[in-house]
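# Commentary on secondary and tertiary structure
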Amino acid sequence: MYAAVCERDASFEGVFFFAVITTGVFCRPGCRARTPDRKNVEFYGSTKDALDHGYRPCKLCRPMERAGEAPRWIKPLLDAIAAEPAERWNDTRLRAEGYEPARVRRWFKAQHGQTFQAHLRALRINSAFGRLRQEKTVTETALESGYESLSGFGEAFKKATGRSPRAGRNLAVVHVARIATPLGPMLAGASDAGLCLLEFADRRGLETQLTRVQKRLNARALPGTHPVLARLAAQLEEYFAGARRNFDVPLVFTGTEFQEKVWRALLNIPCGETRSYQEQATFIGAPGSVRAVARANGDNCIAILVPCHRVIGKDGSLTGYAGGLPRKQALLDLERGADLFTAPPQF
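Each value, and the rule that gives it
Residues numbered from 1 in each chain as written. Predicted model: local features only at pLDDT ≥ 70, side-chain atom pairs only at ≥ 80, totals over all residues. Heavy atoms only, no water. Helix = DSSP H or I, 4+ residues; strand = E, 2+ residues; numbered from the N terminus. Rg over C-alpha atoms; globule rule 2.2 N^0.38 Å. Buried < 20%, exposed > 50% of the residue type's maximum accessible area, 1.4 Å probe, protein only. Contact = heavy atoms within 4.5 Å. Areas by Shrake-Rupley, 256 points an atom, 1.4 Å probe, with all protein chains shown as cover. Salt bridge = Lys/Arg side-chain N within 4 Å of Asp/Glu carboxyl O. Axes fitted to C-alpha atoms, helices over the stretch in contact; angles between N-to-C directions. Parallel < 35°, antiparallel > 145°, perpendicular 65-115°, else oblique. Nonpolar A, V, L, I, M, F, W, Y, C, P; charged D, E, K, R; others polar. Phe/Tyr/Trp six-rings, centres within 6.5 Å; stacked < 30°, edge-to-face > 60°. Lys NZ or Arg CZ within 6 Å of the ring centre and 35° of its normal. Pairing = 2+ DSSP bridges. Expected span 1.5 Å × (residues − 1). Arc of directions from axis to C-beta. pLDDT = per-residue confidence, 0-100.

### Quick word on the overall build of the protein chain
For the protein chain, the count of helices and strands is 14 helices and 10 strands. Here the C-alpha radius of gyration of the protein chain, 22 Å, is about what a compact globule of 347 residues would show, namely 20 Å. Across its three principal axes, the protein chain shows a C-alpha extent of roughly 60 × 55 × 30 Å. Within the protein chain, the fraction of its 347 residues that count as buried is 47%. Of the contacts formed within the protein chain by residues at least 6 apart in sequence, a portion of 61% connects residues at least 24 apart. Element-wise, carbon and sulfur atoms account for 50% of the exposed surface of the protein chain, whose accessible area totals about 17200 Å².

### A few points about the pattern of salt bridges
Overall, the coordinates contain 11 salt bridges when judged by the stated rule. Linking R93 and E87 is a salt bridge whose minimum nitrogen-to-oxygen distance equals 3.1 Å. Residue R93 is classed as partly exposed on the basis of its relative accessible area, which comes to 27%. With its nearest N and O atoms 2.7 Å apart, the salt bridge here joins R203 to E199. Comparing R203 with E199 shows no difference in burial state: the two are buried.

### Description of the packing of helix α6 (residues 116–133) against helix α8 (residues 150–161)
As a packed pair, α6 and α8 sit with axes 10 Å apart at the nearest point and diverge in direction by 100 degrees. The angle between α6 and α8 places the two elements in the roughly perpendicular class. Here I125, A128, F129 and L132 of α6 lie close against α8, whose contacting residues are F153, A156, F157, A160 and T161. Here the residues of the contact of α6 with α8 are counted per class, giving 8 nonpolar, 1 polar and no charged.

### Looking at the packing of aromatic side chains
Aromatic ring pairs: the centre-centre distance and the angle between the two ring planes describe each pair. Following the criterion strictly, the structure yields 9 aromatic pairs and no others. Ring centres of Y239 and F247 lie 5.4 Å apart, and the angle between their planes is 45 degrees; on these two criteria the pair is classed as tilted. Here the two residues Y239 and F247 agree in accessibility, since each one is buried. Every member of this aromatic cluster is reached through a ring pair, and the members are F12, F16 and F43. Taking the ring centre of F200 as reference, the NZ or CZ of R327 above it sits at 4.2 Å.

### Concerning the pairing of strand β7 (residues 194–200)
Along a regular strand, successive side chains alternate from one face of the sheet to the other. Most of β7 sits out of view: 7 of its 7 residues are buried. Examined bridge by bridge, strand β6 (residues 186–191) and β7 share 6 bridges and lie antiparallel to one another. The residue bridging S191 from the neighbouring strand is G194, located in β7.

### Re α8
Here α8 is 12 residues long and its end C-alpha atoms lie 16 Å apart, about the 16 Å a rise of 1.5 Å per residue gives. All of the buried residues in α8 are F153, F157 and T161. Relative to the axis of α8, the buried residues are bounded by an arc of 40 degrees and lie together on one face. Set apart from the buried face of α8 by more than 90 degrees, the exposed residues are S151, E155, K158 and K159.

### Here's the deal with the sheet that holds β6
A sheet is described by the order of its strands in space; here 4 strands give the open sequence β7-β6-β5-β8, paired in mixed fashion. The sheet is open, and its two borders are formed by β7 and β8 (219–223), each paired with just one other strand. On average, each strand axis in the sheet is inclined to that of its neighbour by 25 degrees, with strand direction left out of account. Lying on the sheet, helix α9 (residues 206–217) is in contact with β5 (172–179), β6, β7 and β8; it crosses β7 at an angle near 170 degrees.

### Describing the sheet that holds strand β2 (residues 25–27)
Spatial ordering of the open sheet is given by β3-β1-β2-β4, a layout of 4 strands whose pairing is mixed. Two strands lie at the open edges of the sheet, namely β3 (41–44) and β4 (56–57), each paired on one side alone. The sheet contact formed by strand β1 (residues 17–20) and β2 spans 3 bridges and is antiparallel. Residue pairing in the sheet places F18 in a bridge with C27 of β2.

### With respect to unusual backbone geometry
Although it is not a glycine, N218 adopts a positive phi angle of roughly 50 degrees. At I304, a position not held by glycine, the phi torsion is positive, near 70 degrees. Inspection of the secondary structure assignment puts I304 in the loop between α13 (290–298) and β10 (311–312).

### Description of the confidence of the model for the protein chain
Chain-level pLDDT for the protein chain is 87 on average; 95% of the residues reach the 70-or-more range. Within the model, the stretch residues 341–347 combines pLDDT values under 50 with 18 contacts to residues more than four positions away or in other chains.

### Examining the environment of H112
Inspection of the secondary structure assignment puts H112 in helix α5 (residues 101–112). Residue class for H112 comes out partly exposed when judged on its relative accessible area of 31%. Spatially, the C-alpha atoms of H112 and E199 are 14 Å apart, while their sequence positions differ by 87 residues. Discounting residues that sit within four places of it in the chain, H112 has contacts with W107, H119 and R178.

Put into structure tokens, the structure is as follows:
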């Protein structure tokens, strides 16, 4: 755990918290503050334990909030943008509404990897897709999406999608949003057919996964809201609270025939149980394809709902997990009845 603190390893998010004796504060494993000496560090399984021992939450990493959750100061702005994505927000308007533009830019860059204005442009393009699919004209779509000229709209649309508005009318969209969870923020993507992506935001190779999804669905990924994402967020909330064991969100697989066969087999592992890679290979009728099953398992891009975390080594070891072994252990503990917020870390 101390090694995770030194490396600021976000894969331990929600697994444990550490407190610093000399400062009296407690932090997340990935806190960016100066790394304390080992002799001055204590570890706790929940924020409650740290508070009960007299520590106060760090103002830098804010351990009382879920990682990736929008802070209170920016939530009204996010709500306003979601309600009217075509609205223009320049620095003058931000200041008039009580926001410091530089602070807003820093938050969007840190959370979404793009500037505030770039995020707004992507939302407007997503909104334009919806209008075009409703058979509205390009002119109507441009004006209703907040553009003052057809040329400006056409240029922005082509830059985002690689196609003109007219040619892109039938192009599918993967609506992408971040969802805060006790184990760290996750990136979710949904098309009109269902959920096609759910990964921890710090997963290595996430961009590759997103590219594969877009290619398979002939779609473009754009930030936005969708009923499938809202349904997913509500069910994940219940899952992490220990109140849900199965999901009914529609799924869209984007793999090869063999990969999809492996992924569908994962859906047959009951919550709270595990299977070995060998057992999974036998289940799909390919007992000699253990390594191929393991590779397909690693390529799964719908975490938790397609429970690749329930597959372990033949000897009972956790083996690999794209979200990190600490998260894999935490998910298995949760499904076996442990409380993520009160259970002590187990290693």
